[in-house]
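An overview of the molecular structure
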Amino acid sequence: MTGCACEENGAFEGMSDSYKHALWAVIAINAGMFGIEMSAGALAGSRALQADALDFLGDTLTYGMTLLVIGRPLRLRASAALVKGISLAVLGLWIFGSTAYDFFAMTTPRAEIMSGIGTAALLANLVSVLLLLRYRDGDANVRSVWLCSRNDAIGNGAVIIAGGAVWLTHSALPDLIVAAAMASLFLWSAFQIIRQASGELRSAEPVCAPEGVGIPIKDQTKS
């Protein structure tokens, strides 16, 4: 609009067909791995696998939100990223709580399922990371997708290591330690997303109103 002071920041906003295609592919990967890993986590009795499965579900939903707000005003994109950051923080806190509860039960998970499914999930997330690598420095909405995918790949590697440790020690402790470490990573990423999104919200100019809207009546009559 002519004379409008509204401006966007200089970061990549997701406005490219290649990014949207990559994001659709990552959404499909995450949705499929959620079903596989949640079932395997229940079968194996692994809190780390279940935590990772919930992260896949959260990523599927938040990536869909990312697609919906691409091309929208900065304020709306930053608000969506803020919602994603808060959701990631809630997920991290839930994993911490459930891990603390399971610490007293100490039921030994099935190591072979943990390692096998963890390997499959790692490969899936490495594909996602490669698809999104070139977009890792975008705005809060775009960057949140990269951070979530990176977290998943790190978490999958940790699950594989935990499976080996469970097999060697015949103890549930490695599984619980990895679940707690994943929760910490989720909380740190949530902090980064919330901080960037909050900064973008502060820097976003107000949405421009049509001429005359918001002007006091006495001023309108003078014009």
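Residues numbered from 1 in each chain as written. Predicted model: local features only at pLDDT ≥ 70, side-chain atom pairs only at ≥ 80, totals over all residues. Heavy atoms only, no water.

**Some points on the overall build of the chain**
Of the regular secondary structure elements, the chain holds seven helices and zero strands. Ordered by position in the sequence, the α and β elements of the chain form the string α-α-α-α-α-α-α. The buried share of the chain, reckoned over its 223 residues, is 44%. For the chain, the proportion of contacts with a sequence separation of at least 24, taken over those separated by at least 6, is 84%. When the accessible area of the chain is evaluated, it comes to approximately 11100 Å², of which 68% is carbon and sulfur surface. (Helix = DSSP H or I, 4+ residues; strand = E, 2+ residues; numbered from the N terminus. Buried < 20%, exposed > 50% of the residue type's maximum accessible area, 1.4 Å probe, protein only. Contact = heavy atoms within 4.5 Å. Areas by Shrake-Rupley, 256 points an atom, 1.4 Å probe, with all protein chains shown as cover.)

**Overview of the side chain of Glu-37**
Structurally, the position occupied by Glu-37 is in helix α1 (residues 17-44). By relative accessible area, Glu-37 is classed as buried at 0%. Setting aside residues up to four positions removed in sequence, Glu-37 forms contacts with Leu-49, Asp-52, Ala-53, Phe-56, Ile-117, Ala-121 and Asn-156.

**Comments concerning the packing of aromatic side chains**
This model, assessed by the stated rule, comprises one aromatic pair. Measuring from ring centre to ring centre gives 5.5 Å for Trp-188 and Phe-191, while their planes differ by 25 degrees; the resulting arrangement is stacked. One end of the pair, Trp-188, and the other, Phe-191, are both in helix α6 (residues 173-203), three residues apart, so they sit about a helical turn from each other. Judged by its relative accessible area of 47%, Trp-188 is partly exposed. (Phe/Tyr/Trp six-rings, centres within 6.5 Å; stacked < 30°, edge-to-face > 60°.)

**With respect to helix α2 (residues 47-69)**
Spanning 23 residues, α2 covers 33 Å between terminal C-alpha atoms, matching the ideal 33 Å at 1.5 Å per step. At the exit of α2 stands Gly-71, carrying a positive phi of roughly 85 degrees. (Expected span 1.5 Å × (residues − 1).)

**Considerations on the nonpolar core**
Ranked by internal contacts, the top residues of the largest apolar core, which has 42 residues, are Tyr-19, Leu-23, Leu-49, Tyr-63 and Ile-95. Elements with a contribution of two residues or more to this core: α1, α2, α3 (74-105), α4 (111-132), α5 (140-169) and α6. Sorting elements by how many residues they give to this core places α5 first, with nine residues. Among all residues touching Ile-95, those that are not within four sequence positions of it are Ala-51, Ala-179, Ala-183 and Phe-186. (Core = buried A, V, L, I, M, F, W, Y, C linked by side-chain atoms within 4.5 Å.)

**Digging into the environment of Val-145**
Along the chain, Val-145 falls in helix α5. Placed 79 residues apart in sequence, Val-145 and Thr-66 show a C-alpha to C-alpha distance of 7.9 Å. Every residue in contact with Val-145, bar those within four places of it in the chain, is listed here: Tyr-19, Leu-23, Tyr-63, Thr-66, Lys-84 and Leu-132.

**Some words on the packing of α1 against α4**
With their axes 10 Å apart at the nearest point, α1 and α4 run at an angle of 170 degrees to one another. Between α1 and α4, the interaxial angle falls into the category roughly antiparallel. Seen from α1, the contacting residues are Tyr-19, Ala-22, Ala-25, Val-26, Ile-29, Asn-30, Met-33, Ile-36, Glu-37, Ala-40, Leu-43 and Ala-44; seen from α4, they are Ile-113, Ile-117, Ala-120, Ala-121, Ala-124, Val-127, Ser-128, Leu-131 and Leu-132. Broken down by class, the residue content of the contact of α1 with α4 amounts to 18 nonpolar, two polar and one charged. (Axes fitted to C-alpha atoms, helices over the stretch in contact; angles between N-to-C directions. Parallel < 35°, antiparallel > 145°, perpendicular 65-115°, else oblique. Nonpolar A, V, L, I, M, F, W, Y, C, P; charged D, E, K, R; others polar.)

**So, the environment of Thr-119**
If you trace the backbone, Thr-119 turns up in helix α4. Expressed as a C-alpha distance, the spacing of Thr-119 and Ile-161, which sit 42 residues apart in the sequence, is 10.0 Å.

**Comments concerning the packing of α2 against α4**
Close contact between α2 and α4 brings their axes to 11 Å; oriented N to C, the two are set at 25 degrees. Here α4 runs roughly parallel to α2, going by the angle between their axes. With respect to the hand of their crossing, α2 and α4 are arranged in left-handed fashion. Of α4, the residues touching α2 (which contributes Leu-49, Asp-52 and Phe-56) are Ile-113, Met-114, Ile-117, Gly-118, Ala-121 and Asn-125. Among the residues forming the contact of α2 with α4, the class breakdown is six nonpolar, two polar and one charged. (Left-handed = near helix turned anticlockwise from the far one by under 90°.)

**Comments concerning the side chain of Thr-60**
With respect to the element layout, Thr-60 can be found in helix α2. In this structure Thr-60 comes out as buried when scored by relative accessible area, which is 16%. Residues in contact with Thr-60, not counting those within four places in the same chain, are Ile-27, Asn-30 and Ala-31.

**Section: the confidence of the model for the chain**
With 79% of its residues at a pLDDT of 70 or more, the chain shows a mean pLDDT of 75. Ranking the elements of the chain by mean pLDDT puts helix α7 (residues 217-222) last, at 48, and α1 first, at 87. This model gives residues 1-9 a pLDDT under 50, and the stretch forms 19 contacts once residues within four places in sequence are excluded. (pLDDT = per-residue confidence, 0-100.)

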